[in-house]
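Here are the chains, one letter per residue:
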Amino acid sequence: MSAATPLDGKALAAQLREDLARRVAGRPVGRRPPCLAVVQVGEVPASTVYVRNKQRACEEVGFRPVRVSLADDLPEDEVAARVATLSDDPDVDGILVQLPLPAHMDPHVVLAGLDPAKDVDGLLPLNIGRLVLGMPGLQACTPAGVMRLLRHHGISLAGARAVVLGRSAIVGKPLAALLVQADATVTVAHSRTRNLAALTREAEVLVVAIGRPWFVTAEMVRPGAAVVDVGINRREDGTVVGDVHPEVALVAGWLSPVPGGVGPMTIASLLENTWLSYCGRLGQPEA
């Protein structure tokens, strides 16, 4: 049995960054570069790594990155005020608040003062609503990255049976909406779904985003299916694994690696959203 074809997000994201760098370099002489501000509350090691990767990606394409590091014991309203101040800054085009926040903070409260036009994570209610309605706007980064990854590899979605395992507002729900818009027939499954393995075996496209290491095994996958592993789980030995067991590669037709699959596409979508915000605000052509 041959191994699944990798859904190589790392290579595709590199191409997208190269194209974006070209567009940034072609902006009018004297015009400032796009600016992405990332707010990190506390020093969760995994979050620090993610923020650093986003800063490097910004620098690679010619953006100006701004990192705002805040103590995790700050009152919720002070963090919300900092986000609102960034939102009012005309030289900041995109704002991302690194999740998760400390337990005493409600993300909805912290993000309340964020201009939807600068919500480059695409997670504010207005932007989620526009996504669901199929209207133009800033799309949630990971779902947008997954869709681009599938299309780039020629995965046919029209009429396909798709199963999204995970119902979060960050990945599962917006991704289901995008798959429906691509004419797939979509089922959203979760921890309380009955006969889960029987359901996932029906999927021609299976997206797994539940945060449980190696949860999906080979017997849960339809032969030849396209399997997208959104999970990022750090084990005690420091290694990072996905939600899909490596043995699935012997059954699936396509499989996204972890790392190197969806993660790079999420950052590429973040950069693209920042560019779209910049162009919309300054009248810069997007192409």
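Residues numbered from 1 in each chain as written. Predicted model: local features only at pLDDT ≥ 70, side-chain atom pairs only at ≥ 80, totals over all residues. Heavy atoms only, no water.

J.: Just to check I follow, could you spell out the sheet that holds strand β11 (residues 254-255) for this structure?
T.: Working definition: the strands of a sheet are paired by backbone hydrogen bonds and lie parallel or antiparallel to each other. Pairing within the open sheet is parallel, and its six strands lie in the order β1-β11-β8-β7-β5-β6. Edge positions in the open sheet fall to β1 (5-6) and β6 (185-189), since each of these has one partner strand only. Relative to β6, strand β5 (residues 161-165) is paired through five bridges, and the arrangement is parallel. Bridging from a neighbouring strand, V163 pairs with T187 of β6. (Pairing = 2+ DSSP bridges. Helix = DSSP H or I, 4+ residues; strand = E, 2+ residues; numbered from the N terminus.)

J.: Could you clarify how one ought to interpret the pairing of strand β7 (residues 205-208) in this entry?
T.: Note on strand geometry: in a regular strand, side chains alternate between the two faces of the sheet. Covered by surrounding structure in β7 are V205 and V207 together with L206 and V208, the residues of both alternating faces. In this sheet, β7 lies alongside β5 in parallel orientation, the contact comprising four bridges. Of the residues in β7, the one forming a bridge with V164 is V207. Pairing between β7 and strand β8 (residues 226-229): four bridges, direction parallel. Bridge pairing in β8 places L206 opposite V227. (Buried < 20%, exposed > 50% of the residue type's maximum accessible area, 1.4 Å probe, protein only.)

J.: So what exactly am I meant to see when it comes to the packing of helix α1 (residues 9-25) against helix α6 (residues 141-152) here?
T.: Axes are the key here: two packed helices are described by the angle between their axes and the distance separating the axes. Orientation of α1 relative to α6, taken along the N-to-C sense of each, is 100 degrees, at an axis distance of 11 Å. What the angle tells us is that α1 and α6 run roughly perpendicular. Where α1 approaches α6, its residues G9, L12, Q15 and L16 are matched on the opposing element by R148, L149 and H152. In the contact of α1 with α6, the residues fall into three nonpolar, three polar and one charged. (Axes fitted to C-alpha atoms, helices over the stretch in contact; angles between N-to-C directions. Parallel < 35°, antiparallel > 145°, perpendicular 65-115°, else oblique. Contact = heavy atoms within 4.5 Å. Nonpolar A, V, L, I, M, F, W, Y, C, P; charged D, E, K, R; others polar.)

J.: When you look at helix α7 (residues 172-181) in this model, what are you seeing that I'm missing?
T.: Because each turn of an α-helix spans 3.6 residues, side chains separated by three or four positions in sequence point in the same direction. Buried residues dominate α7, accounting for seven of its ten residues. Along α7, the positions that sit buried rather than exposed are G172, P174, L175, A176, A177, L178 and L179. Phi for D183, located one or two positions after α7, is positive at around 70 degrees.

J.: What exactly am I supposed to notice about the sheet that holds strand β3 (residues 64-70) here?
T.: Taken in spatial order, the three strands make up an open sheet running β3-β2-β4, and their pairing is parallel. The open sheet has two edge strands with one neighbour each: β3 and β4 (94-97). When the angles between neighbouring strand axes are averaged without regard to direction, this sheet yields 15 degrees. Together, β2 (35-41), β3 and β4 form the strand contacts of helix α2 (residues 45-61), whose direction differs from that of β3 by roughly 160 degrees.

J.: Which parts of the structure should I look at to understand the state of the cysteines?
T.: Here is the idea: a disulfide is a covalent bond, and it sits between the sulfur atoms of two cysteines. Applying the stated criterion to the full structure yields zero disulfides. A disulfide-free cysteine, C141 has its sulfur positioned 11 Å from the sulfur of C58, the nearest such atom. Note on C279: no disulfide assigned, nearest cysteine sulfur contributed by C35 at a separation of 14 Å. (Disulfide = S-S within 2.5 Å.)

J.: Quick question: what am I supposed to make of the environment of W275 here?
T.: Position of W275 relative to the elements: it lies in helix α9 (residues 262-282). On the accessibility criterion, W275 (0% relative accessible area) is buried. Here W275 is in contact with L20, R23, V24, P34, F63, Q284, P285 and E286, once residues within four sequence places are set aside.

J.: Teacher, can you tell me more about α2 here?
T.: Over its 17 residues, α2 runs 25 Å from end to end, which matches the ideal 24 Å to within 8%, given 1.5 Å per residue. S47, T48, V51, K54, Q55, A57, C58 and V61 are the residues of α2 that are buried. Against α1, β2, β3, β4 and α9 lie the buried residues of α2. (Expected span 1.5 Å × (residues − 1).)

J.: What is the right way to read the side chain of D121 from this model?
T.: Summarising the element assignment, D121 is placed in the loop between α4 (107-110) and α5 (125-133). For the buried D121, which has no salt bridge, the nearest side chain bearing the opposite charge is K54, at an N-O separation of 6.0 Å. In contact with D121, not counting residues within four places along its chain, are L96, V97, Q139, A140 and C141. (Lys, Arg positive; Asp, Glu negative; His and termini not counted. Salt bridge = Lys/Arg side-chain N within 4 Å of Asp/Glu carboxyl O.)

J.: I tried to follow the packing of α6 against α9 on my own but got confused; where do I start?
T.: One way to put it is that α6 packs onto α9 with a least axis distance of 8 Å and a crossing angle of 110 degrees. In this view, α6 runs roughly perpendicular relative to α9, as classed from their interaxial angle. Here α6 and α9 pass one another in a crossing that is right-handed. Mapping the contact onto sequence places C141, T142, A144, G145, V146, R148 and L149 in α6 and V262, M265, T266, S269, L270, E272 and N273 in α9. Residues that form the contact of α6 with α9 fall into these classes: seven nonpolar, five polar and two charged. (Left-handed = near helix turned anticlockwise from the far one by under 90°.)

J.: Whenever I open this one, the pattern of salt bridges confuses me. Can you help?
T.: One side chain can pair with another of opposite charge once the charged atoms of both are near each other. Following the criterion strictly, the structure yields nine salt bridges and no others. Of the charged contacts in the structure, one is a salt bridge between E272 and R23, with a shortest N-O distance of 3.0 Å. Of this pair, E272 sits in helix α9 while R23 sits in helix α1, and the two are 249 residues apart along the sequence. On the accessibility criterion, E272 (18% relative accessible area) is buried. Looking at R23, the relative accessible area reads 11%, which means it is buried. Shared partners join several salt bridges into a network, and the residues in it are D19, R22, R23 and E272.

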